[in-house]
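# Architecture at a glance
Chain by chain, the residues:
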Amino acid sequence: MQYPLDKAESGSYFFFMIFLKHADLDELLDSLSGDYHVYVPVNTARGAGYTRYRGPGTDYAVGGIRSFDPLKSFYFLGREKVAEDFKPDIPRKNDKPPCMVGVKSCDLKGFKILDFVFIDEEFGDPTYMKARRDGLIISSDCTAVGENCFCTAVNLNPWPDSQFDINLSPVDGGFVVELGSGKGKKLVEEYSLLFRNVEDVKLDGAVKENRKAVKKEVEVRVAEKNIPAYRRLERIVTKQYENMEVWEESSRNCVECGACNTVCPTCHCFLLYEQKTDDKFARFRVWDSCMIKDFARVAGGENPRARLWMRLRNRFDKKFNYFPEVAGEIACTGCGRCIAACPGKIDIREVLARLEV
Amino acid sequence: MKNPYRSIKTEVLKVTTETPTIKTFLLKPGEKLTFRPGQFMEMSVPGVGEAPFTPSSDSEIKETMEITIVKVGKVTEAIHDLKPGDTVGLRGPLGKGYPMTKFIGQDVIVVGGGVGLAPIRTLMYGLFHMRDQIDKLVYRAGCRNPGELLYRSELEDWMKRSDLDMKLTVDQADEAWNGPVGVVTTIMDDIDVNFSRARAVVCGPPIMMKFATFKLQELGVKDRNIYLSMEKNMSCGFGKCGHCRIGPYYCCKDGPVFTYDMIRDYPGIWE
Ligand SMILES: Cc1cc2nc3c(=O)[nH]c(=O)nc-3n(C[C@H](O)[C@H](O)[C@H](O)COP(=O)(O)OP(=O)(O)OC[C@H]3O[C@@H](n4cnc5c(N)ncnc54)[C@H](O)[C@@H]3O)c2cc1C
Ligand code: SF4
Ligand code: SF4
Ligand code: FES
């Protein structure tokens, strides 16, 4: 953790940390609502889900586990108008940027993949780039473990270590605050009445304690599922590439609903389509799914991935081979959303375990 | 910030019917739009849809561009219904195209099939423009029957060029055809170039590309010197939508022209 460290005259170090009280977070979000669309996680029957912050009465919880909706839905919308008529304008370019509160480590890793895909000089996606550039991320440590969480298996900790502006570690009465970017530092300075410098070694201990306990619990679950070790994940998908039986067995129950793609924080594939209304027309970008048969079909009916098992294999190949090769990152964050979403009960942890023969 | 999804308003100037299922469209983009041989465009019928096509005209002509299109489905059907004066959208140029400088000082073999003759037309113009910089130039083209031979009168003019070794074949002849009969690989045996250094370009239907590639290998052309125009399902055309992946590449952004050694080990390349 980075703490503002002050060297006192005596030569000994005093430990200053930034503390934010619960009520002060409300005040901060109230104020930020002027410049941002602020989203907070609220508890629902399906688990934590993002909703617009509507003032101090909003019943949200910063800790817990990741939301059921992937963070990408606020940066790369499921369906979005990307061009209108022949105008060079970028639709919705005057919208307020998102301020996401309580973002978890796994979703932040998702950004590493989406940034790699969508940010570039010549063909970058303008709405994504704008939301990333102007948006604010107030992340938080996980304070619980979901039944499908396996982040430690992909070398992630259940607390953020980068990609955030400020991070909140829940402790009694409020949060220990960590700065992750220049934007975060400015925010804390601007709201210095809310963010207090405190000198409290006990707080630091509480943060560490929670992190250790949560990580341990994830590790126990990972061990139960026999997920191959991180350093072997890339290799096993390559090694088992030609092993048709494993892929067939793993894909047997797939009904091609595409839910695994929709909920995945790193799945970025989309389709452009046109729509006409009266004398106007618009181009839309919609999420697409590589598990659906027509995804790679070309005119004349040729389909390089005609069979279900080829499509499941392709999904794993993209996450465990392609992205490590081109971007140096495995494109699975261990969030477990695809496990919860799949009506065929296809469990990525079990597929990975099966690959290691 | 630029909007890469936006198309340029373009006027259809002329429609030429090549065969019952193939038409060539002469287009005039409303803004400056230039391309290099082998690059492609996303062409859209407003409100209907968009699809990738490779221009078939001389890339040195800057005001207009021609695109030759086979009617196969939803978008191409709508395109075939277009009349002069209609409006379409163009987005591009996309992809890398042919590495023309790699052809300098070398023998070049061009092999085309079917509708692949369209993008090859642009390449041939490009090669003619730099004809004095390349050694021998060989063109072998084939299609199913004489009726499907695109730009026939132009091809016949090219046959007369002394600086081009050119041959045409058809799978099935008609009464008027007096050239060779058979698939394109059957007219490749008499090619006389320095194979170990020659550059080869192949563009056509997947099955033809596959056998032409094997034939070129057999003749001694190196995998790294065989340039293939790959066709994959595409949507964005610039490496974001994920539709056209071939191993570590995206066909749109890293291609659509690849050397055979780049892609030979990945599954499904001929499909
Ligand atoms: C780089 C490139 C260059 C091409 N150049 C030409 C050309 O010069 N002339 C020509 O006639 N054709 C060309 N094609 C093929 C042309 O793009 C397809 O015939 C066209 O996309 C079919 O669209 P459709 O809506 O009429 O067919 P449909 O079968 O109705 O299409 C249905 C869906 O499949 C997708 N699709 C189908 N076939 C293809 C395909 N081959 N490539 C990408 N997406 C596909 C479409 O995006 C659409 O979503 C090229 C393809 C590529 C990739
Ligand atoms: S593949 Fe599944 S577990 Fe991995 S990031 Fe995507 S949704 Fe989460
Ligand atoms: S969620 Fe399950 S059933 Fe749906 S496409 Fe993915 S693997 Fe197939
Ligand atoms: S067409 Fe979108 S990635 Fe190639």
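Our structure is the block above this text.
Along each chain, the written sequence defines residue order, and numbers are assigned to residues from 1. Written order decides the labels, with chains lettered from A and ligands numbered from 1. Since the coordinates come from a predicted model, pLDDT governs what is reported: local features require at least 70, and pairs of side-chain atoms require 80 or more to be given and counted, while whole-chain, interface and lining totals use all residues. Calculation of side-chain values draws on the structure's entire complement of heavy atoms; hydrogens and water are dropped beforehand.

### Digging into the overall build of chain B
Working definition: helices are DSSP H or I runs of at least four residues, strands are E runs of at least two. Numbering for both runs from the N terminus. Within chain B one finds six helices and 14 strands. Rg of the C-alpha trace for chain B: 18 Å, near the compact-globule value of 18 Å for 271 residues, within the 12% margin. Judged by the C-alpha coordinates and their principal axes, chain B covers about 50 × 45 × 35 Å. For every residue, the accessible area obtained with a 1.4 Å probe (protein chains only) is divided by the maximum for its type, and the residue is called buried under 20%, exposed over 50%, and partly exposed between those limits. Taking all 271 residues of chain B together, 60% fall into the buried category. For this analysis, residues touch if any pair of their heavy atoms sits within 4.5 Å. Intrachain contacts of chain B at a sequence separation of at least 6 include 69% that bridge at least 24 residues. Accessible surface is estimated by sampling points in the Shrake-Rupley manner with a 1.4 Å probe; for residues, cover comes only from the protein chains shown. When the accessible area of chain B is evaluated, it comes to approximately 10,900 Å², of which 49% is carbon and sulfur surface. Across chain B, the 35 positively charged side chains and the 34 negatively charged ones have centroids separated by 6 Å. Throughout, radius of gyration means the C-alpha value; the globule benchmark is 2.2 Å times the number of residues raised to the power 0.38. The charge count treats Lys and Arg as positive and Asp and Glu as negative. His and the chain ends do not count. Charge positions are represented by NZ for Lys, CZ for Arg, CG for Asp and CD for Glu.

### Concerning the site of ligand 3
One heavy atom within 4 Å of a molecule or strand makes the whole residue count as near it. Around ligand 3 lies a shell formed by Cys254(A), Val255(A), Glu256(A), Cys257(A), Gly258(A), Ala259(A), Cys260(A), Met291(A), Cys342(A), Pro343(A) and Ile346(A). All residues other than Ala, Val, Leu, Ile, Met, Phe, Trp, Tyr, Cys, Pro, Asp, Glu, Lys and Arg, Gly among them, are scored as polar; the first ten of these are nonpolar and the last four charged. Here the residues of the shell around ligand 3 sort into nine nonpolar, one polar and one charged.

### Some words on the nonpolar core
Burial of nonpolar side chains together is a common tendency in soluble globular proteins. By size, the foremost hydrophobic cluster in this structure holds 64 residues, and its most contacted members are Tyr75(A), Ile109(B), Val202(B) and Met230(B). Looking at this core element by element, the count peaks at six residues for helix α2 (residues 105–118) of chain A. Leave out the neighbours within four places in its chain, and Val202(B) touches Val111(B), Met208(B), Met209(B), Ala212(B), Leu216(B), Ile226(B), Tyr227(B), Leu228(B) and Ser229(B). In this description, a nonpolar core means a group of buried Ala, Val, Leu, Ile, Met, Phe, Trp, Tyr and Cys residues linked to one another through side-chain atoms lying within 4.5 Å.

### Quick word on the environment of Tyr273(A)
Residue and element names in this part refer to chain A. Inspection of the secondary structure puts Tyr273 in strand β12 (residues 270–277). For Tyr273, a relative accessible area of 24% puts it in the partly exposed group. The sequence separation of Tyr273 and Arg285 amounts to 12 residues, and the corresponding C-alpha distance is 6.6 Å. Setting aside residues up to four positions removed in sequence, Tyr273 forms contacts with Arg79, Ala282, Arg283, Phe284 and Val286.

### Observations regarding the interface of chain A and chain B
The interface of chain A with chain B comprises 49 residues on the first partner and 42 residues on the second. By definition, the buried area sums, over both parts, the 1.4 Å-probe accessible area that each loses when the two are put together. Taken together, the two surfaces of chain A and chain B that pack against each other cover about 3,500 Å², and 58% of this comes from carbon and sulfur. We count a salt bridge whenever a side-chain nitrogen from Lys or Arg sits within 4 Å of a carboxyl oxygen from Asp or Glu. Where chain A touches chain B, the interface holds three salt bridges. Here Glu50(B) makes a salt bridge to Arg283(A), at a shortest N to O gap of 3.4 Å.

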